[in-house]
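Report on the structure
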Amino acid sequence: MKQLKDKIRTEGKVLSSQVLKVDSFLNHQIDPVLMVEIGKEFARKFKDENITKVLTIESSGIAPGLMAALELEVPVIFARKRKSLTLVNDLLTAEVHSFTKNETNEISVSNQFLQKEDKVLIIDDFLANGQAALGLVNIVKAAGAEIAGVGIVIEKSFQDGGRLLREQGFRIESLARIVSLEDGITFLDEVEASQT
Ligand code: 5GP
């Protein structure tokens, strides 16, 4: 998605060979115009899948998840990372290990909002080692619902998540795929174009 790649190129900050900071439009300040376009792009890719729910994880997944849900005209649910005072009974839960923070957290969704008749589109901001997405996959499985696919705003293809999820047979649609953060930001399609 050109608009997204241009934004990453102009505003993304490479913090290390592993981590990209995009706080000015995705992870802290949010660019609503770009977010609408991101939602349209996800909806275009998954429009024939009869999606009934979008599932994401707080907090950075909510903006792209909401915009995709708006375009698909279905509700969006966000998994909570912390226990809620009002969300106590009948929870669907999964463990998510964060390599960056080196901690494991339990994420949860009320089973009220996810049922076995649902066809779910999972959305997240980044795909790195895939643990957050796999946690969401496990929540959908616990509900007995179907997974239509996973939509990712920025995939770091040099980490394992994309391979892990694709090996499990899931359809993964990433709007920007970064192959390297060494010597600046290199996108996958640029490498592919230079090889042809
Ligand atoms: P995972 O390793 O489970 O695929 O990534 C988990 C979460 O870590 C993502 O949803 C995202 O919020 C965060 N994350 C992973 N890599 C990066 C990165 O390079 N930059 C930013 N801003 N967040 C990241």
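Everything numeric here is computed off the predicted structure, so don't read it as measured data. (Residues numbered from 1 in each chain as written. Predicted model: local features only at pLDDT ≥ 70, side-chain atom pairs only at ≥ 80, totals over all residues. Heavy atoms only, no water.)

Some details on the pairing of strand β9 (residues 172-180)
For β9, the tally of buried residues reaches 7 of 9 residues, placing the bulk of the element in the interior. In this structure, strand β8 (residues 146-156) lies alongside β9, joined through 6 bridges in parallel fashion. Looking at the pairing, Ile154 lines up with Ala176 of β9. Each parallel crossover has a hand, and the one from β8 via helix α5 (residues 161-167) to β9 is right-handed. Judged from the 2 bridges that link them, β9 and strand β10 (residues 186-187) form a sheet pairing that is antiparallel. Bridged to Ser180 within β10 is Thr186. (Buried < 20%, exposed > 50% of the residue type's maximum accessible area, 1.4 Å probe, protein only. Helix = DSSP H or I, 4+ residues; strand = E, 2+ residues; numbered from the N terminus. Pairing = 2+ DSSP bridges. Right-handed = clockwise from strand over helix to strand, strands pointing away.)

Considerations on the site of the ligand
Taken together, 14 residues form the shell around the ligand, and within it Leu20, Ala128, Asn129, Gly130 and Lys156 come nearest. One of the backbone N or O atoms of Asn129 is found 2.8 Å from an oxygen atom in the ligand. One of the backbone N or O atoms of Gly130 is found 2.7 Å from an oxygen atom in the ligand. Where the shell around the ligand is concerned, the elements lending two or more residues are β7 (119-127) and α4 (131-143). The leading source of residues in the shell around the ligand is β7, at 4 residues. (Near = heavy atom within 4 Å. Polar contact = N/O pair within 3.5 Å; in protein donor to acceptor, adjacent residues only side chain to side chain.)

Some thoughts on the packing of helix α2 (residues 32-46) against helix α3 (residues 62-72)
Taken N-terminus to C-terminus, the directions of α2 and α3 make an angle of 55°; their axes are 7 Å apart at the nearest point. Considered as vectors, α2 and α3 are oriented oblique to each other. Here the hand of the crossing between α2 and α3 comes out right-handed. Across from Met35, Val36, Ile38, Gly39, Lys40, Phe42, Ala43 and Phe46 in α2, the residues of α3 making contact are Ala63, Pro64, Met67, Ala68, Glu71 and Leu72. For the contact of α2 with α3, the class distribution of residues is 11 nonpolar, 1 polar and 2 charged. (Axes fitted to C-alpha atoms, helices over the stretch in contact; angles between N-to-C directions. Parallel < 35°, antiparallel > 145°, perpendicular 65-115°, else oblique. Left-handed = near helix turned anticlockwise from the far one by under 90°. Contact = heavy atoms within 4.5 Å. Nonpolar A, V, L, I, M, F, W, Y, C, P; charged D, E, K, R; others polar.)

What about the sheet that holds β7?
With respect to topology, 6 strands assemble into an open sheet ordered β4-β3-β7-β8-β9-β10, the strand pairing being mixed. Both outer strands of the open sheet, β4 (76-79) and β10, are each paired with one neighbouring strand and no more. Across 8 bridges, β7 lies against β8 in parallel orientation. Looking at β8, one finds that Asp124 is bridged to Ile152. Across the sheet, helix α1 (residues 2-11) lies against β8, β9 and β10, angled at about 35° from β9, the strand it touches most.

What about the pattern of salt bridges?
Enumeration according to the criterion identifies 21 salt bridges in this entry. Ionic pairing is found between Arg166 and Glu155, a salt bridge with its closest N-O pair at 3.0 Å. In this pair, Arg166 is assigned in helix α5 and Glu155 in strand β8, connecting sequence segments 11 residues apart. In this structure, the salt-bridge partner of Asp160 is Arg163, at a minimum N-O distance of 3.4 Å. Residue class for Asp160 comes out partly exposed when judged on its relative accessible area of 39%. (Salt bridge = Lys/Arg side-chain N within 4 Å of Asp/Glu carboxyl O.)

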